Amino acid sequence: MSEQTSKPILAIRDLKAGYGGGRMIVNGVDINVGAGEIVCVIGQNGAGKSTLLKGIVNLIQLRQGTVQLDGKDVTDLPAQKLLLEGLAYIPQGRSIFPRLTVAENIRMGGYLIKDRAVLKRRHEEMEAMFPALAELRGLQASSLSGGQQRQLELARTLMMDPKVLMLDEPSIGLAPRIVDQVFTVLRDLAKLGKAVLMVEQNVRKALAAADRGYVLELGKVRLEDRAQALLDDERVAQLYMGMRPTAA
Ligand SMILES: Nc1ncnc2c1ncn2[C@@H]1O[C@H](COP(=O)(O)OP(=O)(O)OP(=O)(O)O)[C@@H](O)[C@H]1O
(Lines give C-alpha, C1' and ligand atoms only; values in the text may rest on other atoms or scores of the structure.)
Protein backbone atom coordinates (compact mmCIF):
# COMPACT_ATOMS: atom_id res chain seq x y z
CA MET A 1 0.00 0.00 0.00
CA SER A 2 0.96 3.58 -0.31
CA GLU A 3 2.82 5.40 2.40
CA GLN A 4 1.18 8.76 1.98
CA THR A 5 -0.01 9.59 5.48
CA SER A 6 -0.37 13.37 5.75
CA LYS A 7 -3.64 15.00 4.75
CA PRO A 8 -3.77 15.14 0.94
CA ILE A 9 -3.69 18.55 -0.67
CA LEU A 10 -5.47 17.08 -3.70
CA ALA A 11 -8.07 14.39 -3.06
CA ILE A 12 -9.91 12.79 -5.96
CA ARG A 13 -12.84 10.56 -5.00
CA ASP A 14 -14.80 8.14 -7.20
CA LEU A 15 -14.20 10.20 -10.31
CA LYS A 16 -16.15 9.13 -13.38
CA ALA A 17 -15.90 10.82 -16.76
CA GLY A 18 -16.46 10.14 -20.45
CA TYR A 19 -17.01 12.01 -23.70
CA GLY A 20 -20.52 13.09 -24.70
CA GLY A 21 -22.93 10.21 -24.25
CA GLY A 22 -20.17 7.65 -24.81
CA ARG A 23 -18.83 4.94 -22.51
CA MET A 24 -17.20 5.71 -19.18
CA ILE A 25 -13.49 6.37 -19.77
CA VAL A 26 -12.55 7.14 -16.15
CA ASN A 27 -14.55 4.76 -14.04
CA GLY A 28 -14.38 5.48 -10.33
CA VAL A 29 -10.86 6.71 -9.59
CA ASP A 30 -9.52 7.69 -6.14
CA ILE A 31 -6.20 9.55 -5.96
CA ASN A 32 -4.43 11.45 -3.18
CA VAL A 33 -1.52 13.82 -3.55
CA GLY A 34 0.23 15.34 -0.55
CA ALA A 35 2.16 18.61 -0.35
CA GLY A 36 5.76 18.05 -1.44
CA GLU A 37 4.84 14.80 -3.12
CA ILE A 38 5.18 13.69 -6.75
CA VAL A 39 2.53 11.23 -7.79
CA CYS A 40 2.63 9.54 -11.17
CA VAL A 41 -0.22 7.87 -13.04
CA ILE A 42 0.84 5.25 -15.54
CA GLY A 43 -1.12 2.97 -17.84
CA GLN A 44 -1.34 1.78 -21.39
CA ASN A 45 -2.51 3.94 -24.31
CA GLY A 46 -6.18 4.65 -23.93
CA ALA A 47 -6.32 3.74 -20.22
CA GLY A 48 -7.88 7.13 -19.52
CA LYS A 49 -4.90 9.02 -18.04
CA SER A 50 -5.38 12.25 -20.00
CA THR A 51 -9.13 12.05 -19.53
CA LEU A 52 -8.60 11.83 -15.78
CA LEU A 53 -6.65 15.11 -15.72
CA LYS A 54 -9.14 16.81 -18.05
CA GLY A 55 -11.97 15.68 -15.76
CA ILE A 56 -10.24 17.09 -12.68
CA VAL A 57 -9.97 20.55 -14.28
CA ASN A 58 -13.44 20.29 -15.83
CA LEU A 59 -12.33 20.43 -19.44
CA ILE A 60 -14.77 17.56 -19.81
CA GLN A 61 -17.87 17.25 -17.69
CA LEU A 62 -17.62 14.86 -14.76
CA ARG A 63 -20.32 12.23 -14.42
CA GLN A 64 -19.57 11.47 -10.79
CA GLY A 65 -17.06 12.09 -8.04
CA THR A 66 -15.45 14.91 -6.11
CA VAL A 67 -12.25 16.94 -6.22
CA GLN A 68 -10.98 18.49 -3.00
CA LEU A 69 -8.16 21.00 -2.94
CA ASP A 70 -6.62 21.65 0.46
CA GLY A 71 -9.82 20.44 2.12
CA LYS A 72 -12.12 22.59 -0.04
CA ASP A 73 -14.58 21.11 -2.52
CA VAL A 74 -13.65 22.41 -6.00
CA THR A 75 -15.41 19.73 -8.02
CA ASP A 76 -17.27 21.92 -10.48
CA LEU A 77 -14.96 24.91 -10.73
CA PRO A 78 -13.80 25.85 -14.24
CA ALA A 79 -10.06 25.66 -14.99
CA GLN A 80 -9.48 29.40 -14.50
CA LYS A 81 -11.13 29.40 -11.05
CA LEU A 82 -9.14 26.29 -10.15
CA LEU A 83 -5.97 28.15 -11.05
CA LEU A 84 -6.95 30.94 -8.67
CA GLU A 85 -7.57 28.31 -5.98
CA GLY A 86 -4.08 26.86 -6.57
CA LEU A 87 -4.54 23.98 -9.01
CA ALA A 88 -2.62 24.37 -12.26
CA TYR A 89 -2.70 22.07 -15.29
CA ILE A 90 -0.24 21.76 -18.16
CA PRO A 91 -1.85 19.85 -21.04
CA GLN A 92 -0.05 17.44 -23.31
CA GLY A 93 1.90 18.98 -26.21
CA ARG A 94 3.14 22.51 -26.70
CA SER A 95 0.98 25.10 -25.04
CA ILE A 96 3.21 28.16 -25.30
CA PHE A 97 2.33 31.21 -27.37
CA PRO A 98 4.82 30.78 -30.23
CA ARG A 99 4.74 34.35 -31.55
CA LEU A 100 5.23 35.99 -28.17
CA THR A 101 8.62 36.39 -26.58
CA VAL A 102 9.83 34.25 -23.72
CA ALA A 103 9.23 37.10 -21.26
CA GLU A 104 5.75 37.78 -22.65
CA ASN A 105 4.87 34.10 -22.31
CA ILE A 106 5.93 34.08 -18.67
CA ARG A 107 3.95 37.25 -17.96
CA MET A 108 0.87 35.71 -19.63
CA GLY A 109 0.93 33.09 -16.90
CA GLY A 110 0.27 35.87 -14.41
CA TYR A 111 -2.64 37.47 -16.28
CA LEU A 112 -4.93 36.91 -13.30
CA ILE A 113 -2.57 38.79 -10.97
CA LYS A 114 -3.82 42.34 -10.48
CA ASP A 115 -0.95 43.68 -8.37
CA ARG A 116 1.87 44.80 -10.70
CA ALA A 117 4.48 44.53 -7.96
CA VAL A 118 3.52 40.88 -7.35
CA LEU A 119 3.60 40.23 -11.09
CA LYS A 120 7.09 41.71 -11.34
CA ARG A 121 8.35 39.78 -8.31
CA ARG A 122 6.98 36.48 -9.60
CA HIS A 123 8.52 37.07 -13.01
CA GLU A 124 11.89 37.69 -11.36
CA GLU A 125 11.47 34.51 -9.33
CA MET A 126 10.79 32.54 -12.51
CA GLU A 127 13.87 33.95 -14.20
CA ALA A 128 15.91 32.99 -11.13
CA MET A 129 14.46 29.47 -11.19
CA PHE A 130 15.00 29.08 -14.96
CA PRO A 131 18.21 31.00 -15.79
CA ALA A 132 18.20 29.71 -19.38
CA LEU A 133 14.88 31.46 -19.93
CA ALA A 134 16.21 34.68 -18.42
CA GLU A 135 18.98 34.69 -21.03
CA LEU A 136 16.47 34.10 -23.81
CA ARG A 137 13.82 36.53 -22.52
CA GLY A 138 13.62 38.67 -25.68
CA LEU A 139 13.48 35.77 -28.12
CA GLN A 140 10.33 34.58 -29.85
CA ALA A 141 9.16 31.46 -28.01
CA SER A 142 8.85 29.43 -31.23
CA SER A 143 12.62 29.55 -31.62
CA LEU A 144 13.27 27.71 -28.34
CA SER A 145 14.26 24.04 -28.23
CA GLY A 146 11.73 21.46 -27.05
CA GLY A 147 13.29 21.33 -23.59
CA GLN A 148 13.36 25.12 -23.29
CA GLN A 149 9.71 25.28 -24.35
CA ARG A 150 8.82 22.79 -21.61
CA GLN A 151 10.69 24.98 -19.10
CA LEU A 152 8.74 27.96 -20.41
CA GLU A 153 5.44 26.12 -19.88
CA LEU A 154 6.49 25.40 -16.32
CA ALA A 155 7.61 28.98 -15.66
CA ARG A 156 4.39 30.37 -17.11
CA THR A 157 2.29 28.00 -15.01
CA LEU A 158 4.26 28.67 -11.82
CA MET A 159 3.57 32.40 -12.11
CA MET A 160 0.31 31.73 -10.24
CA ASP A 161 2.27 30.00 -7.46
CA PRO A 162 -0.02 26.93 -7.51
CA LYS A 163 -0.20 24.45 -4.63
CA VAL A 164 -0.79 21.60 -7.06
CA LEU A 165 0.73 21.16 -10.48
CA MET A 166 -0.83 18.63 -12.85
CA LEU A 167 1.10 17.66 -15.97
CA ASP A 168 0.08 15.48 -18.91
CA GLU A 169 3.20 13.72 -20.17
CA PRO A 170 5.85 16.33 -19.38
CA SER A 171 8.55 14.16 -20.98
CA ILE A 172 6.88 13.68 -24.35
CA GLY A 173 9.04 14.52 -27.37
CA LEU A 174 12.13 15.34 -25.31
CA ALA A 175 15.64 13.85 -25.59
CA PRO A 176 16.58 11.63 -22.60
CA ARG A 177 18.95 14.20 -21.10
CA ILE A 178 16.26 16.88 -21.28
CA VAL A 179 13.71 14.50 -19.75
CA ASP A 180 16.06 14.15 -16.77
CA GLN A 181 16.25 17.94 -16.47
CA VAL A 182 12.46 18.29 -16.50
CA PHE A 183 12.06 15.67 -13.77
CA THR A 184 14.80 17.37 -11.74
CA VAL A 185 12.80 20.61 -11.91
CA LEU A 186 9.70 18.73 -10.71
CA ARG A 187 11.68 17.29 -7.80
CA ASP A 188 12.90 20.79 -6.92
CA LEU A 189 9.30 22.02 -6.96
CA ALA A 190 8.25 19.17 -4.68
CA LYS A 191 11.04 20.18 -2.28
CA LEU A 192 9.46 23.63 -2.21
CA GLY A 193 6.24 21.97 -1.05
CA LYS A 194 4.34 21.79 -4.32
CA ALA A 195 2.19 18.75 -4.96
CA VAL A 196 2.75 17.25 -8.40
CA LEU A 197 0.38 14.91 -10.21
CA MET A 198 1.68 13.72 -13.55
CA VAL A 199 0.58 11.30 -16.20
CA GLU A 200 3.44 9.61 -18.00
CA GLN A 201 4.32 7.08 -20.72
CA ASN A 202 7.99 7.21 -19.80
CA VAL A 203 7.29 4.86 -16.91
CA ARG A 204 10.82 4.13 -15.76
CA LYS A 205 12.00 7.73 -15.52
CA ALA A 206 8.69 9.03 -14.21
CA LEU A 207 8.54 6.48 -11.40
CA ALA A 208 12.19 7.14 -10.61
CA ALA A 209 11.28 10.80 -10.08
CA ALA A 210 8.01 10.12 -8.26
CA ASP A 211 7.22 9.26 -4.64
CA ARG A 212 4.11 7.22 -5.36
CA GLY A 213 2.33 5.86 -8.38
CA TYR A 214 -1.02 4.61 -9.59
CA VAL A 215 -1.55 2.13 -12.42
CA LEU A 216 -4.66 2.88 -14.44
CA GLU A 217 -6.30 0.16 -16.51
CA LEU A 218 -9.54 0.69 -18.43
CA GLY A 219 -10.33 3.73 -16.33
CA LYS A 220 -9.79 2.06 -12.95
CA VAL A 221 -6.89 2.05 -10.50
CA ARG A 222 -5.40 -1.46 -10.58
CA LEU A 223 -2.34 -0.83 -8.45
CA GLU A 224 -1.24 1.89 -6.07
CA ASP A 225 2.09 1.91 -4.29
CA ARG A 226 5.34 3.67 -3.55
CA ALA A 227 7.07 4.48 -6.85
CA GLN A 228 10.06 2.28 -6.01
CA ALA A 229 7.77 -0.66 -5.26
CA LEU A 230 6.09 -0.21 -8.64
CA LEU A 231 9.50 -0.04 -10.32
CA ASP A 232 10.39 -3.33 -8.64
CA ASP A 233 7.05 -4.96 -9.54
CA GLU A 234 7.39 -7.58 -12.30
CA ARG A 235 3.90 -6.98 -13.66
CA VAL A 236 4.64 -3.28 -14.05
CA ALA A 237 7.99 -4.08 -15.68
CA GLN A 238 6.40 -6.46 -18.15
CA LEU A 239 3.37 -4.40 -19.02
CA TYR A 240 4.72 -0.88 -18.93
CA MET A 241 8.49 -1.03 -19.29
CA GLY A 242 8.76 -3.64 -22.04
CA MET A 243 10.63 -6.18 -19.86
CA ARG A 244 10.37 -9.89 -20.50
CA PRO A 245 9.13 -12.07 -17.64
CA THR A 246 11.98 -13.67 -15.72
CA ALA A 247 12.39 -17.41 -16.32
CA ALA A 248 10.78 -19.61 -13.68
N1 LIG B 1 -12.23 13.92 -27.37
C2 LIG B 1 -12.55 12.62 -27.26
N3 LIG B 1 -13.73 12.15 -27.69
C4 LIG B 1 -14.09 10.86 -27.56
N5 LIG B 1 -13.26 9.90 -27.04
C6 LIG B 1 -12.07 10.31 -26.62
C7 LIG B 1 -11.63 11.67 -26.69
N8 LIG B 1 -10.39 11.75 -26.18
C9 LIG B 1 -10.06 10.50 -25.79
N10 LIG B 1 -11.05 9.63 -26.05
C11 LIG B 1 -11.05 8.20 -25.77
O12 LIG B 1 -10.86 8.00 -24.38
C13 LIG B 1 -10.04 6.87 -24.15
C14 LIG B 1 -8.93 7.24 -23.21
O15 LIG B 1 -8.13 8.26 -23.81
P16 LIG B 1 -7.02 9.04 -22.97
O17 LIG B 1 -6.41 10.02 -23.91
O18 LIG B 1 -7.59 9.53 -21.71
O19 LIG B 1 -6.03 7.85 -22.64
P20 LIG B 1 -4.53 7.90 -22.15
O21 LIG B 1 -4.41 6.85 -21.10
O22 LIG B 1 -4.14 9.29 -21.80
O23 LIG B 1 -3.77 7.42 -23.44
P24 LIG B 1 -2.38 7.92 -24.07
O25 LIG B 1 -1.34 7.36 -23.16
O26 LIG B 1 -2.38 7.26 -25.41
O27 LIG B 1 -2.40 9.42 -24.12
C28 LIG B 1 -9.58 6.38 -25.52
O29 LIG B 1 -10.35 5.25 -25.88
C30 LIG B 1 -9.87 7.53 -26.42
O31 LIG B 1 -10.20 7.10 -27.71
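The protein chain has the name Amino acid/amide ABC transporter ATP-binding protein 2 (HAAT family) in an unreviewed UniProt entry, where Chelatococcus asaccharovorans is given as its organism. Recorded under Sequence similarities (unreviewed entry), the UniProt text for the protein chain is reproduced unchanged: "Belongs to the ABC transporter superfamily."

*Asks:* Explain the overall build of the protein chain here, please?
*Replies:* If you tally the helices and strands in the protein chain, you get 10 helices and 10 strands. Compactness check: the protein chain gives a C-alpha radius of gyration of 18 Å against a globular reference of 18 Å for 248 residues, within 12% of the reference. Each principal axis of the C-alpha distribution contributes one length, and for the protein chain these read about 60 × 40 × 35 Å. When each of the 248 residues of the protein chain is scored for burial, the buried share is 41%. Looking at the protein chain alone, contacts between residues at least 24 apart form 67% of all its contacts between residues at least 6 apart.

*Asks:* Would you mind showing me how to read helix α4 (residues 116-129) here?
*Replies:* Helical periodicity: at 3.6 residues per turn, an α-helix aligns residues three or four positions apart in one direction. Along its 14 residues, α4 runs 20 Å from first to last C-alpha, staying within 8% of the 20 Å computed at 1.5 Å per residue. Buried within α4 we find R122, H123 and M126. Buried residues of α4, viewed axially, fall in a sector of 100°; they line one side. Every exposed residue of α4 that faces more than 90 degrees away from the buried side is listed here: A117, E124 and A128. On the buried face of α4, the contacting elements are α3 (102-108) and α6 (146-158).

*Asks:* In this structure, what is going on with the pairing of strand β7 (residues 164-168)? I would like to understand it.
*Replies:* In terms of burial, β7 is a largely internal element, 5 of the 5 residues being buried. Here strand β6 (residues 87-90) runs beside β7; their pairing, made up of 4 bridges, is parallel. Along β7, the bridge assignment pairs L87 with V164. Looking at chain direction, β7 and strand β8 (residues 195-199) are connected through 5 bridges and run parallel. If you follow M166 over to β8, its bridge partner there is L197. The handedness of the β7 to β8 crossover, carried by helix α7 (residues 176-191), is right-handed.

*Asks:* For this particular structure, what's the right way to read the site of the ligand?
*Replies:* The environment of the ligand is formed by Y19, G22, I25, G43, N45, G46, A47, G48, K49, S50, T51 and Q201. Residue contributions to the shell around the ligand peak at 3 residues, all from helix α1 (residues 49-56). Classifying every residue of the shell around the ligand gives 3 nonpolar, 8 polar and 1 charged.

*Asks:* When you look at the pairing of strand β3 (residues 38-42) in this model, what are you seeing that I'm missing?
*Replies:* Regular strands show a simple pattern: their side chains alternate between the two faces of the sheet. The element β3 is extensively covered by neighbouring structure, given that 5 of its 5 residues are classed as buried. Burial along β3 is two-sided: the residues I38, C40 and I42 and V39 and V41 are all buried. In this sheet, β8 lies alongside β3 in parallel orientation, the contact comprising 4 bridges. By the bridge assignment for β8, C40 is matched with M198. As judged from the 4 bridges shared by β3 and strand β9 (residues 212-217), these two strands associate in the parallel manner. Note that in β9 the partner of I42 across the bridge is V215.

What counts and what doesn't
- Residues numbered from 1 in each chain as written.
- Predicted model: local features only at pLDDT ≥ 70, side-chain atom pairs only at ≥ 80, totals over all residues.
- UniProt positions renumbered as here; feature names shortened; annotations may be inferred.
- Helix = DSSP H or I, 4+ residues; strand = E, 2+ residues; numbered from the N terminus.
- Rg over C-alpha atoms; globule rule 2.2 N^0.38 Å.
- Buried ≥ 20, exposed ≤ 12 C-beta atoms within 10 Å, placed from the backbone.
- Contact = placed C-beta atoms within 7 Å.
- Expected span 1.5 Å × (residues − 1).
- Arc of directions from axis to C-beta.
- Pairing = 2+ DSSP bridges.
- Right-handed = clockwise from strand over helix to strand, strands pointing away.
- Near = placed C-beta within 6 Å.
- Nonpolar A, V, L, I, M, F, W, Y, C, P; charged D, E, K, R; others polar.

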